[in-house]
Amino acid sequence: MAAENIDDVVAGLAGIVRDAAAAADRAGYFAALYRQVTVEVREGIRSGLFDDGPRMDRFDTLFGNRYFEAYDAWRRDRSGPRCWREAFGLLDDPGTVIIQHVVLGVSAHINLDLAIAAARTSPGDGIYALRRDFLLINDILGRVALAVQDAVGDVSPLLSLLDQAGARTDERILDFSIRQAREEAWRNAVLLAHQDEAEREATLERLDVRAAVLARLIARPGPLVRPALELIRSTESDDVPAVIRHLDRALADHGRGTGR
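Residues numbered from 1 in each chain as written. Predicted model: local features only at pLDDT ≥ 70, side-chain atom pairs only at ≥ 80, totals over all residues. Heavy atoms only, no water.

## Quick look at the overall build of the chain
Across its full length, the chain carries 12 helices and 0 strands. The order of α-helices and β-strands along the chain, N terminus first, is α-α-α-α-α-α-α-α-α-α-α-α. A globule of 260 residues ought to have a C-alpha radius of gyration of about 18 Å, and the chain, at 18 Å, matches this closely. Projecting the C-alpha coordinates of the chain onto the three principal axes gives extents of approximately 50 × 40 × 35 Å. Relative to its 260 residues, the chain shows a buried fraction of 56%. Per element, the accessible surface of the chain, about 11500 Å² overall, is 52% carbon and sulfur. (Helix = DSSP H or I, 4+ residues; strand = E, 2+ residues; numbered from the N terminus. Rg over C-alpha atoms; globule rule 2.2 N^0.38 Å. Buried < 20%, exposed > 50% of the residue type's maximum accessible area, 1.4 Å probe, protein only. Areas by Shrake-Rupley, 256 points an atom, 1.4 Å probe, with all protein chains shown as cover.)

Below, the structure written as structure tokens:
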């Protein structure tokens, strides 16, 4: 699965969402979020939101292909980047709550893939011209994240317990921490854009190890949080296809005011 442009990325993500719903595969949870973000980025390109629309198309395509490569590698032989193996490795774990699947995908894609895609889009000093458009995506991510948060709450009625247990999963996880992660990704993109091949390989190794450590913390939080996760999971919908379809409508439903 290799995209040539942002339309291919949207189509590829829609295909994963469709196939995941048919197979009751929890990979569809993150894919549904990602599809909606990509559609919004495409609309931004078409409306002239970004300084350089064609460049953003290339950027989004490179970014999307990082996810497709990781997804295909896992499906093929359980290989791929460490952080993605951590995320995909929990797809069949019945004890993992919906929000964990979503945040695991977000973390891997931003903490590893984003800097790589940005540096490849604009190598060398060209990276600095990308910054404004790079930051504009934060607003899109924040809007979609809030909608997805509402949609997750619809099918995970005790989600707010994580706030009380000290493991916040409200919009600050899916919005504010995304902004922090993207700021770090920007710094890593600038670094990668100016490195030679050997230096880049070392940086990518470091980023993957760090992202994998973060994934383990998300997947297996401390003992104070585990009872809350067990209670949340016991009340969540077990209808994986229905959950995927609901998450995939999150932004549209939010816009109609049907979210919580």
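Having seen the structure, we can now continue with the description.
## Digging into the confidence of the model for the chain
Taken over all residues, the pLDDT of the chain has a mean of 90, while the share at 70 or more is 92%. For residues 169-176, every residue scores under 50 in pLDDT, and the model assigns this stretch 22 contacts once sequence neighbours within four places are set aside. (pLDDT = per-residue confidence, 0-100. Contact = heavy atoms within 4.5 Å.)

## Looking at the packing of aromatic side chains
Tallied over the entire structure, the rule returns 14 aromatic pairs. Residues Trp84 and Phe88 carry aromatic rings whose centres are separated by 5.2 Å and whose planes lie at 20° to one another, so their mutual orientation is stacked. A residue pair is termed a helical-turn pair when its members lie 3 or 4 positions apart in one helix, as Trp84 and Phe88 do in helix α4 (residues 82-88) at 4 residues. Each member of the pair, Trp84 as well as Phe88, is classed as buried. An aromatic cluster of three or more residues is present, and its members are Phe30, Tyr34, Phe59, Phe63, Tyr67, Phe68, Tyr71, Trp74, Trp84, Phe88, Phe134 and Trp186. The side chain of Arg182 reaches across the aromatic face of Phe134, ending 4.3 Å from its centre. (Phe/Tyr/Trp six-rings, centres within 6.5 Å; stacked < 30°, edge-to-face > 60°. Lys NZ or Arg CZ within 6 Å of the ring centre and 35° of its normal.)

## Quick notes on the pattern of salt bridges
Applying the stated criterion across every chain, the model contains 20 salt bridges. The shortest N-O distance in the salt bridge between Arg55 and Asp133 comes to 3.0 Å. With Arg55 in helix α3 (residues 53-77) and Asp133 in helix α6 (residues 131-155), this pair connects stretches of sequence that are 78 residues apart. Here Asp133 falls in the buried class, since its relative accessible area comes to 0%. Between Asp208 and Arg82 there is a salt bridge whose closest N-O contact spans 3.6 Å. (Salt bridge = Lys/Arg side-chain N within 4 Å of Asp/Glu carboxyl O.)

## Remarks on the environment of Arg182
Structurally, Arg182 can be placed in helix α8 (residues 171-193). Spatially, the C-alpha atoms of Arg182 and Ala212 are 17 Å apart, while their sequence positions differ by 30 residues. Sequence-distant contacts of Arg182, that is, excluding residues within four places in its chain, are made with Ile110, Leu114, Phe134, Leu135, Ile137, Asn138 and Leu141.

## Some remarks on the packing of helix α1 (residues 6-23) against helix α2 (residues 27-47)
Interhelical geometry of α1 versus α2 gives an angle of 155° and a closest axis separation of 9 Å. The pairing of α1 with α2 is recorded here as roughly antiparallel in orientation. As α1 packs across α2, the resulting crossing turns out to be left-handed. In this structure, α1 uses Ile6, Asp7, Val9, Val10, Leu13, Ala14, Ile16, Val17 and Ala20 to contact α2, whose residues at the interface are Gly28, Ala31, Ala32, Tyr34, Arg35, Thr38, Val39, Val41, Arg42, Ile45 and Arg46. Residues belonging to the contact of α1 with α2 are distributed by class as follows: 14 nonpolar, 2 polar and 4 charged. (Axes fitted to C-alpha atoms, helices over the stretch in contact; angles between N-to-C directions. Parallel < 35°, antiparallel > 145°, perpendicular 65-115°, else oblique. Left-handed = near helix turned anticlockwise from the far one by under 90°. Nonpolar A, V, L, I, M, F, W, Y, C, P; charged D, E, K, R; others polar.)

## Here's the deal with the nonpolar core
Nonpolar side chains in soluble globular proteins generally cluster together in the buried interior. In terms of nonpolar packing, the biggest core is built from 88 residues, with Phe59, Tyr67 and Trp84 touching the most fellow members. Among the elements that take part in this core, helix α5 (residues 98-121) stands out by supplying 15 residues, more than any other. Leaving out residues up to four positions away in the same chain, Phe59 has contacts with Leu114, Ala117, Ala118, Thr121, Leu130, Phe134 and Ile137. (Core = buried A, V, L, I, M, F, W, Y, C linked by side-chain atoms within 4.5 Å.)

## Focus: unusual backbone geometry
With a phi angle near 55°, Ala24 is a residue other than glycine that sits in the positive phi range. Summarising the element assignment, Ala24 is placed in the loop between α1 and α2. Here Arg78, not a glycine, exhibits a phi torsion of approximately 60°, which is positive. Residue position: Arg78 is located in the loop between α3 and α4. Judged by relative accessible area, Arg78 falls into the partly exposed class, the value being 45%.

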